[in-house]
Structures are given as structure tokens and as C-alpha cells.
Amino acid sequence: MGLLEDRHGRVANDLRLSLIDKCNLRCTYCMPAEGLDWLTKNQTLTADEAVRIADIGVRLLGIREVRFTGGEPLVRRDLEHIIGSLHEAHPVLPMSITTNGIGLEKRIDGLVAAGLQRINVSLDTICPETFAEITRRRRLPQVLQGLEGAKAAGLHLVKINAVRMRGINDDQAAELLEWCLEQDFQLRFIEQMPLDADHGWTREGMITAEEMRELLSVKYNLAPHDEPRGSAPAQLWDVFPAGSDHAATTPLGQVGIIASVTEPFCQACSRTRITADGKIRSCLFSHQETDLLTALRSDATDQQIAEIWQDAMWIKPKAHGHDAVGLDTPEFVQPERSMSAIGG
Ligand code: SAM
Ligand code: SF4
């Protein structure tokens, strides 16, 4: 078996497979209000193609886990079929989805029965007004219903992904953490990255990981969690009530902080990405993509497809889509595709 190695010594074994570019929300840090020029059905991976890619990754290239994303993966009616088919071929492969949670309560039992083990739900606020401001849709109740469904389905660990936006939801950080601790969801704050379709991201406008820790300090003390982080993007912190003695107190839970901009973890990155139109991206911020769809739709063998994938990953940039540029340096150029079109 080969591996997805790159020339900087990393090995990618974690596949982010985007199944669709469409979405039923319009988060301002991700999509423009009017949506994007959606892929046509013919341009989008079919269920069989998505399963074949993941299967080749697992059998021939050392992929050890698959996360389905988008756009909004629940918008695809055949998500259960895709997960079920891959599960049948690889019964112990960990599979997860990242979703905005809308409609999840109706689908979760079917998804779990198909083989889904883990789920990340994106939720930036529990305030209906703020939710509408960020997502441009009044759909918080549906997301909360989806989360209830995930809880009722007995999934082991439901993670919540949350972006902070200055002047919009930065003052709600501690409130969201309190709610997640009560609900037994693991909250992970994500630094906003320059991947919005409106190109409105600025370094000054972004809430840094350090600021997030300060925002939480109104209510909580944080201490580094002692489990090794490995290639996980989130740095985990144990959460204690403010003013408590860590040594004598059991933590209330954990919170993760994903500091892609200010404390990047590119040297430990183990991810490889496939877009919904079948392009290999070695990095979220890459300016280069390699077409896999044409090979999939020709008579290319699994081995030939694996070789195209290996070649694309070999040239993975050292960090943030470049070999010598950081996200917050003036030389950084935002990739053409935005987050939903890449698959976050
Ligand atoms: N629609 C699904 C969802 O929202 O979970 C899956 C796709 S979405 C692109 C995946 C993740 O990317 C979400 O957690 C979202 O908050 C995050 N995201 C989108 N744009 C981002 C940005 N500019 N910076 C940081 N995270 C972003
Ligand atoms: Fe849709 Fe997810 Fe992007 Fe929000 S972050 S617009 S839910 S793809």
C-alpha cells in the first residue's frame, strides 16, 4: 500500500470529502447572500464516485478516517447511501459529517444505522437574532432540533463548531460554552479564516485564539488539557469555574480552540481534501487543484487514480497554501474558491 506523503515529511491519512457545494444557510464568513454559481448535477460527484474515491483512499493510500462535508452534506438525499456503502466495504473505518444541523433530527437514525459514528454541528450562537444576522436565515430552531436528535441518537461525542465575529457574537462566547457544557456537547471555537466569498476578512477584524480565551475568562478558567493533541486542529482546554482551584476541582468539561491563523498547525497536518467536483486539494489555502473526476469517468484503474492522488499530495505546500507565507502576512493571497466550495 502507498501513502499520501508530501515533500515536507507529512503523511495525510484523514480525508475531507465534500459531497455538495450548495447550502441552505448563507453564513457571512463563508457564502455571499446570493449564493454561488452552483455546480451542475453532472459536475458533482455521484454517490458511486464519492464511495470509490474514499475506498481507493482507504485500500491503497492509508486513509484512516473520512469526514463528509460541503456545502451542506444533509442537502444530499443519498448521504445515507454513501455512508452505508463505504461502511459495508470498510466496517471499522471512522466516518463523520460536518453539518449545520438543519433536518438532522429526521435523518440521524438512518445515518447512524448506515454507519455514521461522529458528528460536528456548526452553531455560532444560541441567540435567534444573532443567528439570523450571521447565517442570513431565521433557522435556529431547526438547528437546535437537529442537535436534540443527535443527542437522542446516542452519538458518543457531538462537537459544536463556532466562529467568533467581532461586534456580532464575540460577547456570547461564555454563554455558548455554558450551554454546550449543560448539553454535554464539546464546543470548539474556530478563528475566522480568509475563505469568505465576499473577501471581507481582515486580520484586525478577526477574533484571535488569545482573545477567545480572554472572552471566556469572564466566567471560566482554562487549563491546557493533558491529552496529546497529535494532528488534531483543536487545542483542548479543561474548563473550570472562574476563581476555582484547578488542582482541587474536577473540570466542567473541555473546550477546543482552533487557531488556524495565529497558532497554525500546518507542520502536523494530516488532511487531504476532495471537492464536490472531484478536485484534489492538498491544503485549504492551496491555489492548485488536481482533477480526479476526469480520471474517474474514464477507464482509469484504481491504481492510476491512487497515483494521481499521490502526485497531487506530494507537492502540498509547507503552510497555508504557500511555502513561505502565513495567513496574516501581506503576501498572502486568498484562494479563488471560498470555504463552502472547497469543503470545510
Ligand atoms: N455546512 C456545514 C457546516 O456549516 O458545518 C459544513 C461545511 S462548512 C464550510 C464547515 C465548517 O467551516 C463550519 O464549521 C464553518 O463554521 C466553517 N467555516 C466556514 N467558513 C469559515 C471561515 N471563513 N473561517 C473559519 N471557519 C469557517
Ligand atoms: Fe453553509 Fe456551512 Fe458555509 Fe454556513 S458555513 S454557509 S452552513 S456551508
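Our subject in this report is the structure included herewith. (Residues numbered from 1 in each chain as written. Chains lettered and ligands numbered in written order. Predicted model: local features only at pLDDT ≥ 70, side-chain atom pairs only at ≥ 80, totals over all residues. Heavy atoms only, no water.)

1. Thoughts on the site of ligand 2
- Ligand 2 sits among C23, L25, C27, C30, M31, G71, N100 and S340.
- Partitioning the shell around ligand 2 into residue classes produces 5 nonpolar, 3 polar and no charged. (Near = heavy atom within 4 Å. Nonpolar A, V, L, I, M, F, W, Y, C, P; charged D, E, K, R; others polar.)

2. Some thoughts on the environment of G344
- Along the chain, G344 turns up in the segment after helix 10 (339-342).
- Along the chain, G344 and R16 lie 328 residues apart, while their C-alpha atoms are 7.8 Å from each other.
- Sequence-distant contacts of G344, that is, excluding residues within four places in its chain, are made with T69, G70, R273 and M339. (Helix = DSSP H or I, 4+ residues; strand = E, 2+ residues; numbered from the N terminus. Contact = heavy atoms within 4.5 Å.)

3. Structural notes on the site of ligand 1
- The environment of ligand 1 is formed by 18 residues, the closest being Y29, G71, E72, S122 and M193.
- The side chain of E72 places a nitrogen or oxygen atom 3.1 Å from a nitrogen atom of ligand 1.
- Here a nitrogen atom of ligand 1 sits 2.8 Å away from a polar atom, N or O, in the main chain of M193.
- Contact with the protein chains removes 95% of the 540 Å² of surface that ligand 1 exposes when unbound. (Polar contact = N/O pair within 3.5 Å; in protein donor to acceptor, adjacent residues only side chain to side chain. Areas by Shrake-Rupley, 256 points an atom, 1.4 Å probe, with all protein chains shown as cover.)

4. Observations concerning helix 1 (residues 47-61)
- The terminal C-alpha atoms of helix 1 lie 20 Å apart, and with 15 residues this matches the ideal 21 Å at 1.5 Å per residue to within 8%.
- When you tally the buried positions in helix 1, you get 12 out of 15 residues, the bulk of the element.
- Taken residue by residue, helix 1 has A47, E49, A50, V51, I53, A54, D55, I56, G57, V58, L60 and L61 as its buried positions.
- Directly beyond the C-terminal end of helix 1, a positive phi value near 80° is found at G62. (Expected span 1.5 Å × (residues − 1). Buried < 20%, exposed > 50% of the residue type's maximum accessible area, 1.4 Å probe, protein only.)

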